[in-house]
Amino acid sequence: KDTPKVHAKIGDRWEVCMAASDGQFQQISFANAICTTKGGTHVNYVADQAVKYLVETLSKKHKQAGIKPFMVKNYLSVFVNCLVENPAFDSQTKDTLTLRASAFGSKCPLPDTFLKKLANCGITDAILSFASFKANKELKKGDGAKRQRLLGIPKLDDANEAGGRNSKDCTLILTEGDSAKSLAISGLSVVGRDKFGVFPLRGKLLNVRDASATQITGNAEINNVKQILGLQHGKVYEDVKSLRYGHLMVMTDQDHDGSHIKGLIMNFLHTFYPSLLKLPGFLIEFITPIIKVTKGKESISFFTLPEYENWCEQADTKGWKVKYYKGLGTSTAAEAKEYFAAIGQHRKEFEWAGDDDGKSLEMAFSKKKVEERKDWLRNYVPGTFLDHKQEKISYSDFVHKELILFSRADLERSIPNVMDGLKPGQRKIMFACFKRNLKSDIKVAQLAGYVAEHSAYHHGENSLNSTIVGLAQNFAGSNNINTLVPQGQFGTRLQGGKDSARYVLLSAVGRLSVG
């Protein structure tokens, strides 16, 4: 009696009433004054319209909820009274109408006002609650547990005491790729394998904040991390006694992408296990120099690019030899042992300073905070960097002083400059071509090597090769006027340029003069 109902009379032949059910589809229906106790095509015809509308409406507002038609139908109560031409039933008892909808002799399109009222009668809350329950059930399938032996996870070098009685003292080192894992393994020869485990991440972790349960459960990296740490979905952690590892150390490159990976790991923990971020000493980062300058026996290490740029402006750089560490794989095994021998200097602990930390992480990674993120980037002050001399780093400091550098760099390398229409990578290629005075044919790989040598290009060779090929493509739809002359097959519009040959030649660069 108290359930809100929505009623409509559509034409002379149809009368429909709908309400929210208690989780099981219910129907009362009549066809030509015959009570169809099991429903039939007339009930499905009406109910499917409501289901389609509610699925579309909820999916727009709650994309990550993963609303399915069966979820919506389970929460519908439908009353239908209709007149159809030449009704056909499944048996003599006439429990189910089997007549095709196209043969009803009339149509019953549910009005928009009816559907909007239905969406506002409390049914949407019940559907979303059920979808959340299903999602949590799915996420719990990948839960880990505290156990000593863990099998079936490739590339994991488990600590000897992980999952044992001393597990709270164990540290899992998450590295950025296999080469960084090699560096960590070299360092373990100094600190030992009893309390240190290593696992390499393959690329960047999924941004789970607005992801669906299907995306998260289908992500191998997240499932592996949950198994290795022994994480249980929905659990509030007051200590680390129930985990296989008491500390999580993130060991990434010191470049902008390394900062992004650290942020994505924080985002994962804050979304599903915020209590872990509040535990002192749980999340740690291992910092390595991004630039090291040497002059004789004197050596200075810089952990951020702005810090190095400030030093260049204030000091006399003459006679200093500069080494750029593109990734952790650039460091030698001897340097790895040095890092781990002085692990106290390279180990920085993240600490929870308050609600602002959570708001900062949400602002950085939530799709709903687009406008706040724009203001955040507009207020960026050049020269900002995170001071790694401090022992503890708050999450808000990390977001506003380190992660913002990635966001700025990502924008700069993704959006062409208004002055010349080029991105930084493309500009470096053109600079190298002019410097070489390129007029004769040259292989793409050869030009890539020259660009990397003369223009301080710090990214991967494959990325550089594809950018060079893109500058030479001239098929319709390549979205540019080619600045390099293609001598060979540089791709066609059939595959969007991906069908270019591996060994191709380039020729003269076109110079433009402005009159």
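A short tour of the structure in this document, coming up. In this text, all values refer to a predicted model and were calculated from it rather than measured experimentally.

Definitions and cut-offs
Residues numbered from 1 in each chain as written. Predicted model: local features only at pLDDT ≥ 70, side-chain atom pairs only at ≥ 80, totals over all residues. Heavy atoms only, no water. Helix = DSSP H or I, 4+ residues; strand = E, 2+ residues; numbered from the N terminus. Buried < 20%, exposed > 50% of the residue type's maximum accessible area, 1.4 Å probe, protein only. Areas by Shrake-Rupley, 256 points an atom, 1.4 Å probe, with all protein chains shown as cover. Contact = heavy atoms within 4.5 Å. Pairing = 2+ DSSP bridges. 1 Å grid on protein atoms, 1.4 Å probe; cavity = no way out; pocket = protein on both sides within 12 Å on 5 of 7 lines; lining within 4 Å. Points joined across faces, edges and corners; volume = space filled by probe spheres on them. Nonpolar A, V, L, I, M, F, W, Y, C, P; charged D, E, K, R; others polar. Phe/Tyr/Trp six-rings, centres within 6.5 Å; stacked < 30°, edge-to-face > 60°. Lys NZ or Arg CZ within 6 Å of the ring centre and 35° of its normal. Axes fitted to C-alpha atoms, helices over the stretch in contact; angles between N-to-C directions. Left-handed = near helix turned anticlockwise from the far one by under 90°. Salt bridge = Lys/Arg side-chain N within 4 Å of Asp/Glu carboxyl O.

### Here we look at the overall build of the protein
Of regular secondary structure, the protein possesses 17 helices and 17 strands. Along the longest, intermediate and shortest principal axes, the C-alpha atoms of the protein span 100 × 70 × 45 Å. Looking at the protein residue by residue over its 515 residues, the buried ones come to 46%. Looking at the protein as shown, the accessible area adds up to about 27100 Å², and 50% of this sits on carbon and sulfur atoms.

### Points about the environment of Leu206
With respect to the secondary-structure elements, Leu206 resides in the loop between strand E7 (196-201) and helix H5 (213-217). Along the backbone, Leu206 and Asn219 are 13 residues apart, and their C-alpha atoms lie at a distance of 7.7 Å. Beyond its immediate chain neighbours, meaning those up to four positions away, Leu206 contacts Ala211, Gln215, Ile216, Asn219 and Ile222.

### Here we look at the pairing of strand E13 (residues 347-351)
Relative to E13, strand E9 (residues 283-286) runs antiparallel, the two being bridged by three bridges. By the bridge assignment, Phe286 is partnered in E13 with Arg347. Note that E13 and strand E14 (residues 392-394) share three bridges and pair parallel. Note on E14: the bridge partner recorded for Glu351 is Ser394.

### Digging into empty space enclosed by the protein
The full count for this structure, using the stated rule, is four cavities of 30 Å³ or more. Quantified by volume, the largest cavity comes out at close to 100 Å³. Only helix H7 (256-272), helix H9 (305-314) and helix H14 (395-414) provide two or more residues apiece to the lining of the largest cavity. Looking at which element gives the most residues to the lining of the largest cavity, the answer is H7, with three residues. Looking at the lining of the largest cavity residue by residue, the classes come out as five nonpolar, four polar and three charged.

### Re the packing of aromatic side chains
Under the definition given, this model contains 18 aromatic pairs. On the numbers, 5.9 Å between centres and 75 degrees between planes, the contact of Phe268 with Tyr273 is edge-to-face. Of the two residues, Phe268 and Tyr273, neither departs from the other in class, the shared state being buried. Look at Trp352 and Tyr395: their rings are 5.9 Å apart centre to centre, the planes differ by 55 degrees, and that puts the pair in the tilted class. One end of the pair, Trp352, is in the loop between E13 and helix H12 (355-365); the other, Tyr395, is in helix H14, and 43 residues separate them in sequence. The exposure class assigned to Trp352 is partly exposed, which follows from its relative accessible area of 23%. An aromatic cluster of at least three residues, connected via ring pairs, comprises Tyr237, Phe268, Phe272 and Tyr273. One Lys or Arg, Lys73, reaches over the ring of Phe25 and ends 5.2 Å from the middle of that ring. Its guanidinium or amino end placed over the ring of Tyr450, Arg436 lies 5.1 Å from that ring's centre, counting from NZ or CZ.

### Some thoughts on the sheet that holds strand E2 (residues 14-20)
Pairing within the open sheet is mixed, and its five strands lie in the order E1-E2-E5-E3-E4. Each edge of the sheet is formed by a strand with only one pairing partner; in this case those strands are strand E1 (5-10) and strand E4 (34-35). Pairing analysis gives six bridges linking E1 to E2, with the strands arranged antiparallel. Residue Lys9 lies in a different strand from E2, and its bridge partner there is Glu15. The strands touched by helix H1 (residues 41-61) within the sheet are E2, strand E3 (26-31) and strand E5 (76-82), with E5 carrying the most contacts at an inclination of about 135 degrees. Where helix H3 (residues 112-140) meets the sheet, its contacts fall on E1, E2 and E5, and the angle it forms with E1 comes to roughly 165 degrees.

### Looking at the environment of Asp355
Secondary-structure assignment places Asp355 in helix H12. Sequence spacing of Asp355 and Ser396 is 41 residues, and the spatial spacing of their C-alpha atoms is 9.5 Å.

### Notes on the packing of H7 against H12
Between H7 and H12, whose axes approach to 10 Å, the crossing angle comes to 115 degrees. Once H7 is placed against H12, the crossing between them reads as left-handed. Residue-level inspection shows His260, Gly263, Leu264, Met266, Asn267 and His270 of H7 in contact with H12, the latter providing Gly358, Leu361 and Phe365. In the contact of H7 with H12, the residues fall into four nonpolar, five polar and no charged.

### Here's the deal with the layout of surface pockets
In this structure, the largest pocket encloses a volume near 1400 Å³. Glu412, Arg413, Pro424, Gly425 and His459 are, among the 41 residues lining the largest pocket, the residues nearest its centre. The set of elements that each furnish at least two residues to the lining of the largest pocket consists of H7, H9, H14, helix H15 (424-436) and helix H17 (461-472). Grouping the amino acids of the lining of the largest pocket by side-chain chemistry returns 14 nonpolar, 17 polar and 10 charged.

### Points about H12
Taken together, the buried positions of H12 are Asp357, Gly358, Ser360, Leu361, Met363, Ala364 and Phe365. At its buried positions, H12 is contacted by H7, helix H8 (274-277), E13, helix H13 (370-378), E14 and H14.

### Quick look at the pattern of salt bridges
Under the counting rule described, the total for this entry stands at 17 salt bridges. Residue Lys181 pairs with Asp157 through a salt bridge whose shortest N-O separation is 2.8 Å. On the criterion of sequence distance, the pair formed by Lys181 in helix H4 (residues 178-191) and Asp157 in the loop between H3 and strand E6 (171-176) is long-range, its members being 24 residues apart. Given the relative accessible area of 22%, Asp157 is considered partly exposed. Taking the shortest distance from any N to any O, the salt bridge between Lys204 and Asp257 comes out at 3.0 Å. Placement of the pair is Lys204 in the loop between E7 and H5 and Asp257 in helix H7, with a sequence separation of 53 residues. Among the residues examined, Lys204 registers a relative accessible area of 37% and is labelled partly exposed.

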